[in-house]
Amino acid sequence: MSPHTSRRGLLFGTAAVSAGAFLAGCTSNEVKDDKPAANDQPAAGDKPGKHVTIGFAGPQADHGWLNAINDNAESRAKKYSDVTLEITEGSNDTAAQIGQIETLINKKVDVLVVLPADGKALTQVGLKAMRAGIPVVNLDRVFNTPQAYRCWIGGDNYGMGLNAGHYIGEKLKGKANARVIELAGLDNLELTKQRTQGFDDALKNYPNIKKVARQAADFTVESGQAKMAQLLQAQPEFDALWNHDDDQGVGALRAIQQAGRDDFLMVGGAGALSAFQAIKQDNSVLKATVLYPPTMAASAIDLARALGQGKGVGGLAEYEIPASITLYSAVVDKDNVDRYMPTGFR
Amino acid sequence: MTQPVSPPRDTADKVPAAELPAWRSLVGRVDVRTLSLLGVLAALVLIGGITKPDEFLDTRNLQLVLTQASVIGVVTVGMTFVITSGGIDLSVGAIVALASVWATTVATQEYGFAGILFTAVVVGVGCGLVNGLLIAYGGMVPFIATLAMLASARGLALQITDGRTQIVTVDGILKLGERDSYVLGIPPLVLVFAVVTVIGWLLLNRTTFGRRTVAVGGNAEAARLAGIDVRRQRLYLYLLSGLCCGIAAFLLIILSGSGQNTNGNLYELDAIAAAIIGGTLLTGGRGTITGSVLGVLVFTTITDIFALNNLQSDVQQIAKGAIIVAAVLVQRRTASTT
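Residues numbered from 1 in each chain as written. Chains lettered and ligands numbered in written order. Predicted model: local features only at pLDDT ≥ 70, side-chain atom pairs only at ≥ 80, totals over all residues. Heavy atoms only, no water.

As recorded in an unreviewed UniProt entry, chain B goes by the name ABC transporter permease, listed as coming from Streptomyces cynarae. According to the UniProt record, the Subcellular location (unreviewed entry) comment for chain B reads "Cell membrane". (UniProt positions renumbered as here; feature names shortened; annotations may be inferred.)

Where an unreviewed UniProt entry is consulted, chain A appears under the name Substrate-binding domain-containing protein, with the organism given as Streptomyces cynarae. Entered under Sequence similarities (unreviewed entry) in the UniProt record, the comment concerning chain A runs "Belongs to the bacterial solute-binding protein 2 family."

1. Structural notes on the overall build of chain A
The helix and strand tally for chain A stands at 12 helices and 12 strands. Going through the 346 residues of chain A one by one, you find that 63% of them count as buried. Considering only contacts in chain A between residues 6 or more positions apart, those separated by 24 or more positions represent 75%. Total accessible area computed for chain A in this model is approximately 12700 Å², and 51% of it derives from carbon and sulfur atoms. (Helix = DSSP H or I, 4+ residues; strand = E, 2+ residues; numbered from the N terminus. Buried < 20%, exposed > 50% of the residue type's maximum accessible area, 1.4 Å probe, protein only. Contact = heavy atoms within 4.5 Å. Areas by Shrake-Rupley, 256 points an atom, 1.4 Å probe, with all protein chains shown as cover.)

2. Considerations on the interface of chain B and chain A
Tallying the contact residues gives 45 residues for chain B and 41 residues for chain A. Summed over both partners, the interface of chain B with chain A comes to about 3400 Å²; 46% of that surface belongs to carbon and sulfur atoms. Taken together, chain B and chain A are joined by 1 salt bridge. Between A:Arg254 and B:Glu178 there is a salt bridge whose closest N-O contact spans 3.1 Å. Summed over the shared surface of chain B and chain A, the number is 22 residue pairs in polar contact (both at pLDDT 80 or more). (Buried area = accessible area lost by both parts, 1.4 Å probe. Salt bridge = Lys/Arg side-chain N within 4 Å of Asp/Glu carboxyl O. Polar contact = N/O pair within 3.5 Å; in protein donor to acceptor, adjacent residues only side chain to side chain.)

3. Points about the packing of helix H6 (residues 157–171) of chain A against helix H7 (residues 190–203) of chain A
All names here are of chain A. The interhelical angle for the contact between H6 and H7, taken along N-to-C directions, is 35 degrees, at an axis separation of 6 Å. As for how H6 packs across H7, the hand of that crossing is right-handed. Each of Asn 157, Tyr 158, Met 160, Gly 161, Leu 162, Ala 164, Gly 165, His 166 and Ile 168 in H6 lies in contact with H7, whose residues at this interface are Leu 191, Gln 194, Arg 195, Gln 197, Gly 198, Phe 199, Asp 201, Ala 202 and Leu 203. Residue classes in the contact of H6 with H7 are distributed as 9 nonpolar, 7 polar and 2 charged. (Axes fitted to C-alpha atoms, helices over the stretch in contact; angles between N-to-C directions. Left-handed = near helix turned anticlockwise from the far one by under 90°. Nonpolar A, V, L, I, M, F, W, Y, C, P; charged D, E, K, R; others polar.)

4. Some words on the pattern of salt bridges
Taken as a whole and assessed by the stated rule, the structure comprises 19 salt bridges over all chains. The closest approach of N and O atoms between A:Lys107 and A:Glu86, which form a salt bridge, is 3.0 Å. In this pair, A:Lys107 is assigned in the loop between helix H4 (94–106) and strand S3 (111–114) and A:Glu86 in strand S2 (residues 83–87), connecting sequence segments 21 residues apart. You can call A:Glu86 partly exposed: its relative accessible area is 27%. Between B:Asp171 and B:Lys175 there is a salt bridge whose closest N-O contact spans 3.5 Å. One end of the pair is B:Asp171 and the other is B:Lys175, both in helix H10 (residues 171–176) and 4 residues apart, which spans about a single turn. What makes B:Lys175 partly exposed here is its relative accessible area of 37%.

5. With respect to the sheet that holds strand S12 (residues 331–333) of chain A
The strands making up a sheet associate through backbone hydrogen bonding, with each pair oriented either parallel or antiparallel. All names here are of chain A. Across the sheet, 6 strands lie side by side as S7-S6-S8-S9-S10-S12; this open sheet has mixed pairing. In this open sheet, the two strands that pair with only one neighbour each are strand S7 (209–216) and S12. Taking the axes of each pair of neighbouring strands and ignoring which way they run, one obtains an average angle of 20 degrees across the sheet. Where strand S9 (residues 265–270) and strand S10 (residues 286–291) come together, 5 bridges link them in parallel fashion. Pairing of Ala 270 across the sheet is with Leu 291, part of S10. Each of strand S6 (178–184), S7 and strand S8 (240–243) touches helix H8 (residues 221–234); the most contacted strand, S6, lies at about 155 degrees to it. (Pairing = 2+ DSSP bridges.)

6. Some thoughts on the nonpolar core
Of all hydrophobic cores here, the largest spans 72 residues; its most connected members are B:Phe81, B:Val96, B:Ile173 and B:Tyr267. For this core, the element with the most residues is helix H14 (residues 230–256) of chain B, which contributes 12 residues. Those residues within four positions of B:Val96 in sequence are excluded, and the remaining contacts are B:Val75, B:Cys245, B:Ala248, B:Ala249, B:Leu252, B:Gly264 and B:Tyr267. Core analysis: the second largest hydrophobic core is formed by 52 residues, A:Trp65, A:Ile69, A:Trp242 and A:Met296 among them. (Core = buried A, V, L, I, M, F, W, Y, C linked by side-chain atoms within 4.5 Å.)

7. Digging into the packing of aromatic side chains
Evaluated as defined, the whole model comprises 6 aromatic pairs over all chains. Seen from their ring centres, A:Trp65 and A:Tyr292 are 5.6 Å apart, and the 50 degrees between their planes marks the pair as tilted. Placement of the pair is A:Trp65 in helix H3 (residues 64–79) and A:Tyr292 in the loop between S10 and helix H11 (296–309), with a sequence separation of 227 residues. Each of the two residues, A:Trp65 as well as A:Tyr292, counts as buried. When the ring of B:Phe81 is compared with that of B:Phe209, the centres are 6.3 Å apart and the planes differ by 45 degrees; the resulting orientation is tilted. Separated by 128 residues along the polypeptide, B:Phe81 in helix H5 (residues 59–84) and B:Phe209 in helix H12 (residues 208–218) bring together distant segments of the chain. Just as B:Phe81 is buried, B:Phe209 falls in that class too. (Phe/Tyr/Trp six-rings, centres within 6.5 Å; stacked < 30°, edge-to-face > 60°.)

8. With respect to the UniProt feature "domain: Periplasmic binding protein" (unreviewed entry) in chain A
Taking the numbering used here, the UniProt-annotated feature "domain: Periplasmic binding protein" (unreviewed entry) corresponds to residues 54–311 of chain A. Between the C-alpha atoms that bound residues 54–311 of chain A there is a distance of 15 Å. The span itself is 46% helix and 20% strand.

9. Things to note about a nonpolar patch on the surface
There is a patch of nonpolar side chains on the surface, built from B:Val141, B:Phe143, B:Ile144 and B:Leu147 and spanning about 360 Å² of accessible area. As for its position among the elements, B:Leu147 is in helix H9 (residues 142–161). (Patch = residues over 30% accessible without salt bridge, like charges linked within 9 Å, V, L, I, M, F, W, Y side chains within 5 Å.)

10. Observations concerning the environment of B:Cys245
All names here are of chain B. Note on placement: Cys 245 falls in helix H14. Expressed as a C-alpha distance, the spacing of Cys 245 and Val 71, which sit 174 residues apart in the sequence, is 8.7 Å. With residues up to four places along the chain from it excluded, the contact list for Cys 245 reads Val 92, Ile 95 and Val 96.

11. Comments concerning the confidence of the model for chain B
Residue and element names in this part refer to chain B. Chain-level pLDDT for chain B is 88 on average; 89% of the residues reach the 70-or-more range. Overall, residues 1–18 carries pLDDT values under 50, and its contacts beyond four positions in sequence, including any with other chains, amount to 8 contacts. For this predicted complex, the interface confidence reaches an ipTM of 0.83, while the overall pTM sits at 0.83. (pLDDT = per-residue confidence, 0-100.)

12. Description of the packing of H8(A) against helix H16 (residues 289–308) of chain B
Contact geometry of H8(A) with H16(B) gives a least axis separation of 9 Å together with a crossing angle of 55 degrees. The orientation of H8(A) relative to H16(B) falls into the category oblique. Between H8(A) and H16(B) the crossing geometry is right-handed. Note on element contacts: H16(B) touches H8(A) through B:Thr303, B:Asp304, B:Ala307 and B:Leu308, opposite A:Lys227, A:Gln230, A:Gln233 and A:Ala234. The class makeup of the residues in the contact of H8(A) with H16(B) is 3 nonpolar, 3 polar and 2 charged. (Parallel < 35°, antiparallel > 145°, perpendicular 65-115°, else oblique.)

13. Observations concerning the side chain of A:Arg254
Along the chain, the position of A:Arg254 falls in helix H9 (residues 246–259). Those residues in contact with A:Arg254 that lie beyond four places of it in its chain are A:Gln225, B:Ile173, B:Leu174, B:Gly177, B:Glu178, B:Ile254, B:Leu255, B:Ser256 and B:Gly257.

14. A short note on the environment of A:Gly260
With respect to the element layout, A:Gly260 can be found in the loop between H9 and S9. Between the C-alpha atom of A:Gly260 and that of A:Asp218, which follows or precedes it by 42 residues, the distance is 24 Å.

15. Some remarks on the sheet that holds strand S4 (residues 136–139) of chain A
Residue and element names in this part refer to chain A. Taken together, the 6 strands give an open sheet; going across it, the order is S2-S1-S3-S4-S5-S11, and neighbouring strands pair in parallel fashion. Every other strand in the sheet has two partners, leaving S2 and strand S11 (324–326) as the edge strands with one partner each. Each adjacent strand pair in this sheet contributes to an overall mean axis angle of 20 degrees, direction not counted. Relative to S2, H3 is tilted by about 150 degrees, and along the sheet it contacts strand S1 (52–57), S2 and S4.

In structure tokens form, the structure reads like this:
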């Protein structure tokens, strides 16, 4: 794999390490703050219906979050006796992914679920599937035009930044001249800019807080350690840190430990198991993390099944599934970490 | 360091040392390129000191810069040998990744410190052996052979980890990265880097192995006619590079407390750039460990100054490119006036 593809593979890089067997046992946690009881309920009702073949094409799982995406999709599909999942080998090569989706179209699957390595580049093949009468559920990285998908479901990068900013803002409310710093993800990704924009917008609500530094890392442990070590050297005093990604957070926490610093509060991003555990143990600067839930893949299977059976979504008045769904980036801290623990990915 | 009987041969061939003014003679011996690189480094230190006096001119910052330089520094020492012999090793970053994930798998962690160190080194040497055999005895072009190694080692690293970060739980290893383990204020990582550098310098400048390396790089056919086993020499050189990658992987495990398939990303380019800036000829036949290490320090210092001044990555990349060009131009100028 060339360094280039490896970087692209980290697109949407959320934290590390995935958890095959572990997650398989306990996926399907809809992360919604207001409906705790609905967690294990598939979105479209559980009664078996017409048999549906769902084609699933995703990028290469070279990052924990992407692994969790695959696991979520597979295990949710297994829950349904009336669903067959045709899953392709993940690839970050645009041409290869187009080929795989075309194969699924030729096989005449009933519904397609696509998490494109590059949304813009795969728009055409999305259109092709729609024209061939196969509805597409576009997962997370969005196609260029709504004509290329029937339904989009994905995460909220702007919301991640916003919620991280508000959490930090509330924590530092009483503090005059508070200083915060930001350890961002890969800077050439659109999602990184959205996360930063959300963070900055939230901080505008708190005039006592000033963002004094921002450095971008590469979503990797190594870059997280290196950039954080330098941020700590550059900023002898600050009150809070937002780190975009729990995977590079492993490295950032290591740098913090190596520098012997514990005079600030850290908020992570994504929802890795290691971050949840650190938050629960409460023995490091990491006090919270903002979710970017991989459960969206399980929900995409629900939606695809509902599409194939011509149903709406349970609990909603609509007769059809919605055109788009944006997941909520909840803040997980010590108070609610137990609830989210099963969704943590390794 | 010094040869008591006569000045180094190449200087003696050109001009008798006695006819030069004292400083010119000293310059001739130390190597102009190395000196100009020291100048670049001094200029950077000046910039850092002016822009961020409190944070830059600080013991902790010196420790930080040297620590960050250690991992890539060790890799660059190995790379210098390979390039000096007229070869190239594009697989160093991938080997570091593979060695680090293999050494941090759950099974290996059961054997503790020694198990992890041993595995990292063995994997590094093993990859170097494959590279060496393909190039020396399989007749493959180094560029292609190591490119193939890059691809397969990265793939294998991904397969082993399944994309997960393997967090190290062995206490002794984690301790080595922390302040308590510093020896007289020097982090253990930096000590390893220093030892590798000294051994590398001695090996290249003071042994038959070093002379053969230069000879193979200068003119492989002439070296063969002079009785050097060129193939075996090449094999040893890629083994050496692999060994350095294994050591670097171990250092990276200490530093980051984990093994990940994305480790060592773009190390090949950084190491090659540092060696070239240092004055090692990409065409082979000339290599300098001192220059390579200075090259690494220049890069790490630049990164440090950028981070301290909170420059964003786009500005960093542009400035880094400009500084590479400037450093090489300055070297050319200084080298041609002597």
